[in-house]
Amino acid sequence: MATKHKKNKQIQHRNQFFDSVRHYTTSGRVHFVAGLLICFLSVYAGIAMISFFFTGAADQSIVDNLVASDLVLKKGTVLNWAGVRGAYISDVIINRWFGISSFFLLFFIGSVGFRLMKLCRMNLFRRFLLCSVLTVWLSLLLAFVFSFDNSSFFHPGGLHGYYLSEWLTNNIGYVGVILLLLAGFILAAIFVSARTIPALQSIFSFKPGERGKKITGKDPDISTNNKPDVKENREEEPEDDDDNEVVDDDGEESNNGEDEEPFVIEVPDEEEAYDESELGAYDPRLDLSRYKFPEIGLLKKYEQPDKQVDMAEQNDNQKRIKKTLEDFGINITSIKATVGPTITLYEVVPDKGVRISRIRNLEDDIALSLSALGIRIIAPMPGKGTIGIEVPNKNPQIVSMESVVASRKFVESKYELPIVLGRTITNEVFMVDLTKMPHLLVAGATGQGKSVGLNVIIASLLYKKHPAELKFVLVDPKMVEFNIYEDIERHYLAKLPDQDNAIITNFENVIDTLKSLCKEMDNRYDLLMKAHVRNISEYNEKFISRHLNPEKGHKYMPYIVVVIDEFGDLIMTAGKEIEMPIARIAQKARAVGIHMIIATQRPSTNIITGTIKANFPARVAFRVSSMIDSRTILDVPGANKLVGRGDLLFSQGNETLRVQCALIGTDEIENIVRCISNQTGFETAYKLPEVLDESPAGEGNAVDLSNRDPLFEEAARLIVLQQQGSTSLIQRKLSIGYARAGRLMDQLEKAGIVGTSEGSKVRQVLIMDEYALEQKLNLIQSN
């Protein structure tokens with residue numbers, strides 16, 4: 001046992017060493033410094049090579065007799081601007097290597113430095129091939145044109161060009177070398193630009209007057225039947241026969257008769273695409289090409305005690321569990337433990353014939369014997385023939401945000417919207433893809449880790465997604481949770497054009513923003529339909545490959561993540577006005593990249609309604625106060641048995657998984673926000689579409705709430721109390737005429753207390769209780 005533990009510890013230390021080396025070598029700071037050094041060396045070599053043309057003759061006798069070991073001794077005896085080393089390096093590179101064409105190699109080395117510093121984006125392999133071909137070709141050309149002169153200090157093509165030219169001349173002659181140089185030039189031109197081949201075809205195939213998009217003439221070899229993407233349009237016959245003369249491929253003039261109508265071949269421009277080989281793939285990050293992702297060092301690293309599993313505690317718990325079960329007549333065949341950061345899972349295999357319900361009913365007795373809080377029994381374990389008993393550890397470990405963000409699973413993740421929540425009972429990093437969920441419902445009592453969990457979700461996305469690829473809509477009725485993200489407005493936040501603050505705190509702004517998101521969703525679906533794709537991934541892939549024309553309204557679509565804190569307060573205040581657009585977004589917005597995360601500390605049925613639950617299949621439950629709340633959020637009990645402090649249950653489908661949420665402090669969030677906000681951002685926040693007032697003139701707009709009926713508040717309380725928007729109810733209860741009751745109903749509609757008229761049906765009441773009504777009335781009075 002000790003040998004195995006020692007071996008595991010050695011493997012762990014070795015993995016930690018390799019991880020530290022990997023993190024060091026992949027650090028952006030290391031790359032920048034390496035690139036800077038390479039650029040300095042390139043500049044130094046460039047200065048030495050330029051100086052060679054002016055000082056090479058004077059330095060030739062010294063350099064020719066110079067031994068590498070004598071570089072220091074000859075210091076200061078040459079005229080080269082870069083010193084004796086510069087004189088030696090320039091002579092080697094220019095005379096002994098490739099001559100003047102060596103500057104192409106210098107250009108490539110400088111490109112490597114710029115790429116490491118992320119000052120530009122390029123395909124290094126393609127640039128290497130280009131510089132290599134040009135270096136060899138130009139070296140051969142200069143050596144072929146200028147004969148080699150031993151008395152000269154400077155050889156334009158270098159020794160490489162001289163030997164290559166001599167060898168080729170002896171084998172294929174002067175004519176062969178000239179043809180080879182011409183062919184190399186054409187191949188290099190084709191490699192550099194996609195316009196080369198069309199230009200060559202235009203030169204050798206058509207006369208200057210015949211070039212263009214339209215090709216007019218008679219050619220039996222051109223048939224639109226062989227090209228389904230080419231459209232054939234027939235033109236009217238010209239009245240003048242002289243205008244009918246065209247020149248065919250043989251250069252002879254011919255007249256078109258009635259059976260030989262001229263035709264025009266056009267490329268349809270409805271789905272016009274750019275030439276990717278010419279322009280390259282579209283880079284959505286180009287506007288903020290110098291953006292640096294937050295470094296892991298911004299997160300706090302908690303020092304965890306490096307100690308073995310407390311075997312005494314595990315053995316004691318196993319004995320107590322076994323004894324408690326035996327006291328109630330339940331025998332078990334085996335028991336094993338899996339130790340996590342906060343919870344230890346004991347898997348029990350009972351004897352044959354033991355009912356699972358008997359063990360499940362002993363939850364409180366086992367908790368009493370272990371003197372533990374938060375015992376949870378999973379009977380049976382999904383996919384296993386065991387019964388799970390989760391017991392809190394006496395000394396729980398902190399799962400830091402730094403430990404999960406630095407994990408290989410997160411760093412190498414290919415998820416579209418990766419969210420790392422924490423660690424499981426088996427101490428594995430727990431990650432999910434928000435695009436697969438596709439919406440998340442979070443609930444938990446006050447102080448149990450709900451707000452920290454939301455910050456963990458946001459931080460996960462900030463560490464993996466570029467500002468051009470992701471936008472947040474943050475709704476914070478408490479006005480204190482998300483204001484820390486205000487400084488990254490021009491990088492990651494989205495808002496209405498006329499909205500001052502990107503962090504939404506007013507419930508009226510929430511309604512307008514949700515309506516705007518619905519409009520954004522509809523606009524995106526229109527673009528998907530025009531592009532003939534099914535989801536945002538296919539659309540963006542098509543746009544990046546330049547198969548969609550921006551002049552036709554197409555654009556790159558960033559993901560939009562809507563995070564709503566204290567959803568219960570919004571529902572209590574605005575009711576159906578909030579619930580209905582959220583439900584619509586949750587039902588349809590997945591395909592267009594709009595995802596929602598809503599959180600509440602009151603998971604009651606009037607807050608988390610059936611409509612909300614049906615469209616939010618993924619749920620996270622922190623500790624709640626009762627079993628009823630647990631069933632409301634998860635459809636199963638268990639959240640009421642959690643130990644708090646980030647202990648959560650994650651449910652997606654039929655499986656419920658226990659996870660210890662990562663810990664991220666306010667200071668860590670401030671570090672991340674400061675790192676992002678100090679960098680160049682977009683000119684403004686991402687603008688959501690404007691929402692116009694769609695109420696018809698003469699109805700809602702004609703009602704003036706500043707001149708309310710004296711019975712307005714009484715009628716409002718009556719409607720909310722009865723939850724029935726009926727004009728006859730107001731008339732009967734308040735003993736007034738029908739006309740006045742109708743005016744009261746119009747004022748209630750204008751105030752957002754009842755919905756619009758639905759004919760003979762009663763109006764929908766938009767306010768759920770008297771508390772929300774009082775807030776609404778106070779807001780109306782203040783306005």
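Residues numbered from 1 in each chain as written. Predicted model: local features only at pLDDT ≥ 70, side-chain atom pairs only at ≥ 80, totals over all residues. Heavy atoms only, no water.

> Before we go on, may I ask you to explain the overall build of the chain in this structure?
The number of helices and strands found in the chain is 26 helices and 20 strands. The burial tally for the chain puts 44% of its 783 residues in the buried class. Within the chain, counting contacts between residues at least 6 apart in sequence, those at least 24 apart form 68% of the total. Roughly 42,300 Å² of accessible area belongs to the chain as shown, and the carbon and sulfur atoms make up 53% of that amount. (Helix = DSSP H or I, 4+ residues; strand = E, 2+ residues; numbered from the N terminus. Buried < 20%, exposed > 50% of the residue type's maximum accessible area, 1.4 Å probe, protein only. Contact = heavy atoms within 4.5 Å. Areas by Shrake-Rupley, 256 points an atom, 1.4 Å probe, with all protein chains shown as cover.)

> What is the right way to look at the pattern of salt bridges in this model?
A side chain of one charge can pair with a side chain of the opposite charge when the charged atoms of the two come close. Within this structure, the stated rule accounts for 30 salt bridges. Where Arg-584 meets Asp-522, a salt bridge forms, and the shortest distance between an N and an O atom there is 3.1 Å. Of this pair, Arg-584 sits in helix 19 (residues 576-588) while Asp-522 sits in helix 16 (residues 507-531), and the two are 62 residues apart along the sequence. Judged by relative accessible area, which is 28%, Asp-522 ranks as partly exposed. In this structure, Arg-717 engages Glu-774 in a salt bridge whose closest nitrogen and oxygen atoms are separated by 3.2 Å. Placement of Arg-717 in helix 23 (residues 712-722) and of Glu-774 in helix 26 (residues 770-782) is noted, with a sequence separation of 57 residues between them. A relative accessible area of 30% means that Arg-717 is categorised as partly exposed. Judged by relative accessible area, which is 30%, Glu-774 ranks as partly exposed. The network of salt bridges with common partners includes Lys-450, Lys-478, Glu-481, Asp-565 and Glu-566. (Salt bridge = Lys/Arg side-chain N within 4 Å of Asp/Glu carboxyl O.)

> In this structure, what is going on with the sheet that holds strand 12 (residues 440-443)? I would like to understand it.
Strands pair in a sheet through their backbones, by hydrogen bonds, and they do so in one of two ways: parallel or antiparallel. What the nine strands build is an open sheet, ordered 11-10-19-18-17-12-16-15-13; its pairing is mixed. This sheet does not close on itself; its edge strands, each paired only once, are strand 11 (429-433) and strand 13 (470-475). The sheet shows a mean angle of 25° between the axes of neighbouring strands, direction not considered. Sheet topology places strand 17 (residues 618-621) next to strand 18 (residues 647-652); four bridges connect them, and they run antiparallel. Considered in strand 18, the bridge of Ala-618 is made with Gln-652. Along the sheet, helix 16 makes contact with strand 13, strand 15 (559-564) and strand 16 (594-600), crossing strand 16 at roughly 155°. (Pairing = 2+ DSSP bridges. Axes fitted to C-alpha atoms, helices over the stretch in contact; angles between N-to-C directions.)

> Explanation requested: the packing of aromatic side chains in the structure shown.
Each aromatic ring pair is specified by the distance between its two centres and by the angle formed by the two planes. Counted under the stated rule, the structure contains 14 aromatic pairs. Taking 5.4 Å as the distance between ring centres and 80° as the angle between the ring planes, the aromatic pair formed by Tyr-291 and Phe-293 counts as edge-to-face. In this structure Phe-293 comes out as partly exposed when scored by relative accessible area, which is 26%. Among the aromatic side chains, those forming a connected cluster through ring pairs are Tyr-291, Phe-293, Phe-472 and Tyr-492. (Phe/Tyr/Trp six-rings, centres within 6.5 Å; stacked < 30°, edge-to-face > 60°.)

> Can you help me understand a nonpolar patch on the surface in this one?
A surface patch of nonpolar side chains, about 610 Å² in accessible area, is lined by Phe-32, Val-33, Leu-36, Leu-37, Phe-40, Phe-114 and Leu-119. Among the elements that make up the nonpolar patch, the one with the highest residue count is helix 2 (residues 28-64) (five residues). Considering the arrangement of structural elements, one finds Phe-40 in helix 2. On the basis of relative accessibility, which here comes to 52%, the residue Phe-40 falls in the exposed class. (Patch = residues over 30% accessible without salt bridge, like charges linked within 9 Å, V, L, I, M, F, W, Y side chains within 5 Å.)

> Teacher, can you tell me more about helix 2 here?
Note on helix geometry: an α-helix contains 3.6 residues per turn, so any two residues three or four positions apart are oriented the same way. Taking 1.5 Å of rise per residue, 37 residues should cover 54 Å, yet helix 2 covers just 43 Å from first to last C-alpha, more than 12% shy of that figure. Where helix 2 bends most, at Gly-56, the angle is about 80°. (Expected span 1.5 Å × (residues − 1). Bend = angle between axes of the 7 residues up to and from the residue.)

> How do you make sense of the packing of helix 5 (residues 124-145) against helix 6 (residues 158-192) when you look at a structure like this?
Any two packed helices are characterised by the angle at which their axes cross and by the distance between the axes. Axis separation between helix 5 and helix 6 bottoms out at 9 Å; the angle between their running directions is 140°. The pairing of helix 5 with helix 6 is recorded here as oblique in orientation. Our pair here, helix 5 against helix 6, has a crossing hand that is left-handed. Residue composition of the contact of helix 5 with helix 6, grouped by class: 21 nonpolar, six polar and one charged. (Parallel < 35°, antiparallel > 145°, perpendicular 65-115°, else oblique. Left-handed = near helix turned anticlockwise from the far one by under 90°. Nonpolar A, V, L, I, M, F, W, Y, C, P; charged D, E, K, R; others polar.)

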